[in-house]
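This is what each chain is made of:
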Amino acid sequence: QVQLVESGGGLVQAGVSLRLSCAASGGTFSSYAMGWFRQAPGKERSFVAAITRFGSSTAYHDSVKGRFTISRDNAKNTMYLQMNSLKPEDTAVYYCAASYVYYTTSNPNEYDYWGQGTQVTVSS
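Bear in mind the structure is a predicted one, so any value in this text is a computation, not a measurement.

Digging into the nonpolar core
Ranked by internal contacts, the top residues of the largest apolar core, which has 28 residues, are Leu4, Met34, Trp36, Met79, Leu81, Met83 and Tyr94. Counting only elements with at least two residues in this core, the list comes to β3 (18–25), β4 (33–39), β5 (46–51), β7 (68–73), β8 (78–83), β9 (92–99) and β11 (118–123). Core analysis: the second largest hydrophobic core is formed by 5 residues, Phe37, Phe47, Ala97 and Tyr111 among them.

Right under this line is the structure:
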C-alpha cells in the first residue's frame, strides 16, 4: 500500500508559478499511474492531470492545458505538477492519487490511493 504526501502549495498572486510535489512511500512507485485532482470550495473534486507509470503518456483537463505540466521521477518516488500562469480560478485543494491502471485516467473512481491535499490560493 502506498502513502502519498503533497507539498508545495501556498498563497500566490495571479500570473505566477508554483510547483506541487507528491512524494510516495510504502510501495513500488512505478507500479502506479498517477494523477492530480483539485477541489474548490463548494465544488466536487475534479480532474487536473494524469501520467502513466513511466511517464510515456500524459493527459490534462482543458482548463489547464498549456499552463500545467505533470511529470514524475520514479527514482525519487515523486510526481510533480508545474503550474504556470496561475489564475484565481485555480484556487483549490490539490490532491495526488495513485492508480493500478496502465493508462491515463480522469476517473477518480479508478484511483486507489489518495494524499491529504495541499492548498493553492491564487489572488487577483
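Text resumes after the structure shown.
So, unusual backbone geometry
Of note in this structure, asparagine 77 is not a glycine but carries a positive phi near 55 degrees. Checked against the element boundaries, asparagine 77 lands in the loop between β7 and β8. Asparagine 77 gets classed as partly exposed once you look at its relative accessible area, which sits at 29%. Its identity as a non-glycine residue notwithstanding, serine 85 has a phi of 50 degrees, on the positive side. Here serine 85 is to be found in the loop between β8 and β9.

Topic: the pairing of β7
Burial along β7 is one-sided: the face carrying Phe68, Ile70 and Arg72 is buried and the face carrying Thr69, Ser71 and Asp73 is not. The pairing of β7 with β8 spans 6 bridges and is antiparallel. Bridged to isoleucine 70 within β8 is leucine 81. Linking β7 to β8, which pair antiparallel, is a turn of 4 residues; within it asparagine 77 sits at a positive phi near 55 degrees.

Some remarks on the sheet that holds strand β1 (residues 3–7)
The strand order across the open sheet formed by 4 strands is β1-β3-β8-β7, and the pairing between neighbours is antiparallel. Unpaired on one side and paired on the other, β1 and β7 mark the two borders of the sheet. Shown here is a sheet whose adjacent strand axes are inclined to one another by a mean of 15 degrees, direction ignored.

Some words on the environment of serine 124
Note that serine 124 resides in the segment after β11. Once the C-alpha coordinates of serine 124 and valine 12 are considered, the two residues, 112 residues apart in sequence, prove to be 9.0 Å apart. Excluding anything up to four places from it in sequence, serine 124 contacts Ala14 and Pro88.

Let's talk about the state of the cysteines
Inspection of every chain in the model, using the stated rule, returns 1 disulfide. Here cysteine 22 engages in a disulfide with cysteine 96; their sulfurs sit 2.1 Å apart. The disulfide joining cysteine 22 to cysteine 96 has a torsion of about 60 degrees about its S-S bond and is therefore right-handed. Within this pair, whereas cysteine 22 is found in strand β3, its partner cysteine 96 is found in strand β9, the two being separated by 74 residues in sequence. For cysteine 22, a relative accessible area of 0% puts it in the buried group.

Rules of the game
Residues numbered from 1 in each chain as written. Predicted model: local features only at pLDDT ≥ 70, side-chain atom pairs only at ≥ 80, totals over all residues. Heavy atoms only, no water. Core = buried A, V, L, I, M, F, W, Y, C linked by side-chain atoms within 4.5 Å. Buried < 20%, exposed > 50% of the residue type's maximum accessible area, 1.4 Å probe, protein only. Helix = DSSP H or I, 4+ residues; strand = E, 2+ residues; numbered from the N terminus. Pairing = 2+ DSSP bridges. Axes fitted to C-alpha atoms, helices over the stretch in contact; angles between N-to-C directions. Contact = heavy atoms within 4.5 Å. Disulfide = S-S within 2.5 Å.

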